[in-house]
Amino acid sequence: MVTVPTSPITEAVPLSLCAREPHVPADRLVAEMVPPPRFDSVRFETYVPDPNQPSQTEAVKVLGDFAAGLGTAHPAGGGKRRWFARKAAAAPAGPRGVYLDGGYGVGKTHLLASLWHATPADPSLKAFGTFVELTNLVGALGFQQTVRTLSGHRLLCIDEFELDDPGDTVLVSTLLGRLVDAGVALAATSNTLPGKLGEGRFAAADFLREIQGLSAHFRPLRIDGEDYRHRGLPEAPPPYSDEQVTKAAYATKDASLDDFPNLLEHLAKVHPSRYGAMTDGLRAVCLTDVRPVPDQSTALRLVVLADRLYDREVPVLASGLPFDKLFSDEMLNGGYRKKYFRAISRLTALARDAKALVAQ
């Protein structure tokens, strides 16, 4: 039983993620396809390459040149009417995109967002979103409307490009093929080279064929290095007690307070496309009784929530087990291991950010 603080400083009752089931209109999904708040101010100039990793310096140059090359008129003439004239637009020779491959925390999203910012086009002609957000957009608008909406863009940036489902593979590869035909430039990040995306997950010949066709749209650009979130930083703080977490939640304006098992159950009731809206206005997330995630479906939902919290720089204060104990060995050695390690890395960074909440 957690004792609720009663001092005058804690009069405000914390918010609760479990009480939020937001409705997100489709037009908001499109309007929000911009770099997340964490990457509002990043630029190529603010990326600090590791001097021991020349591939990082090379990536900055290649992407800078790529952005500069997108300053010319859209191959299909631009404007809302362009999708009517797809056949008139000659597809560019060679790859029409760049694909940033590298491990966790080497700055891929920083570089992808910098590319978005550096591309000389109106923000309404550039789109930035995660792979999950792109598939959610198709679900909200329908395939044909998504093609029409994005075909007017100069650039589409896709972060965390991971194909975990053959159906999503076909959907996205078909979508990107249509967009390339319409003259849209592509850029993506992932932890796996394009030709290796399906390796170790599905053996179906159709799946691998789709992967190979998709990889032809991109020039792979390898980025080596260690996770900058752990480079020279202290280890993640150990979990706090339930009482410490609860006290911090009551003392922090616009903080949420939830029991971790209850939050996992609530995530099953909300579509992942709405997890970002769930975090609107939050300055901190406080969780009690963190314990291992019980199954893979729940784990994948938690990964999406961790991404949205990280994008919005919302610190996470927790009691119970440390975040590196969230996923079982079976999960960490399975087909979705890259997502789980990314979630651990990001939640650990947010846990560091939350240390100041206990000190107040």
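Everything quoted here is computed from the prediction, not taken from an experiment.

> If you had to explain the overall build of the protein to someone new, which residues and values would you point to?
Counting its secondary structure elements, the protein contains 14 helices and eight strands. Taking all 360 residues of the protein together, 50% fall into the buried category. Of the contacts made within the protein by residues no fewer than 6 positions apart, 87% connect residues no fewer than 24 positions apart.

> How would you explain the nonpolar core if you had to name every residue and give the values?
Among the nonpolar cores identified, the biggest contains 63 residues, and Leu111, Leu115, Leu326 and Phe327 are the most heavily contacted of them. When residues in this core are grouped by element, the largest group, eight residues, is from helix H11 (residues 296-311). Excluding anything up to four places from it in sequence, Leu326 contacts Phe260, Val290, Arg291, Pro292, Val293, Leu302 and Leu347. In terms of nonpolar packing, the next biggest core, distinct from the first, is built from 25 residues, Leu134, Val138, Ile158 and Val180 among them.

> Summarise the pairing of strand S4 (residues 185-190); cite the residues concerned and give the values.
Among the six residues of S4, six are classified as buried, and the element is accordingly described as predominantly covered. Of the two faces of S4, the one carrying Ala185, Ala187 and Thr189 and the one carrying Leu186, Ala188 and Ser190 are both buried. Summarising the sheet, strand S1 (residues 97-102) and S4 pair through five bridges and their orientation is parallel. Counterpart to Val98 in the pairing with S4 is Ala187. Strand direction decides the pairing type here: strand S3 (residues 155-159) and S4, joined by four bridges, are parallel. When the bridges of S4 are listed, Cys157 appears paired with Ala187.

> I'd love a proper account of the packing of helix H2 (residues 54-69) against helix H3 (residues 108-118), names of residues and values included.
At a minimum axis separation of 9 Å, H2 and H3 run at an interaxial angle of 30 degrees. Classified by the interaxial angle, the pair formed by H2 and H3 is roughly parallel. Of the two possible hands of crossing, H2 and H3 adopt the one that is right-handed. On H3, the residues touching Ala59, Val60, Leu63, Phe66 and Ala67 of H2 are Leu111, Leu115 and Ala118. Split by residue class, the contact of H2 with H3 holds eight nonpolar, no polar and no charged.

Analysis parameters
Residues numbered from 1 in each chain as written. Predicted model: local features only at pLDDT ≥ 70, side-chain atom pairs only at ≥ 80, totals over all residues. Heavy atoms only, no water. Helix = DSSP H or I, 4+ residues; strand = E, 2+ residues; numbered from the N terminus. Buried < 20%, exposed > 50% of the residue type's maximum accessible area, 1.4 Å probe, protein only. Contact = heavy atoms within 4.5 Å. Core = buried A, V, L, I, M, F, W, Y, C linked by side-chain atoms within 4.5 Å. Pairing = 2+ DSSP bridges. Axes fitted to C-alpha atoms, helices over the stretch in contact; angles between N-to-C directions. Parallel < 35°, antiparallel > 145°, perpendicular 65-115°, else oblique. Left-handed = near helix turned anticlockwise from the far one by under 90°. Nonpolar A, V, L, I, M, F, W, Y, C, P; charged D, E, K, R; others polar.

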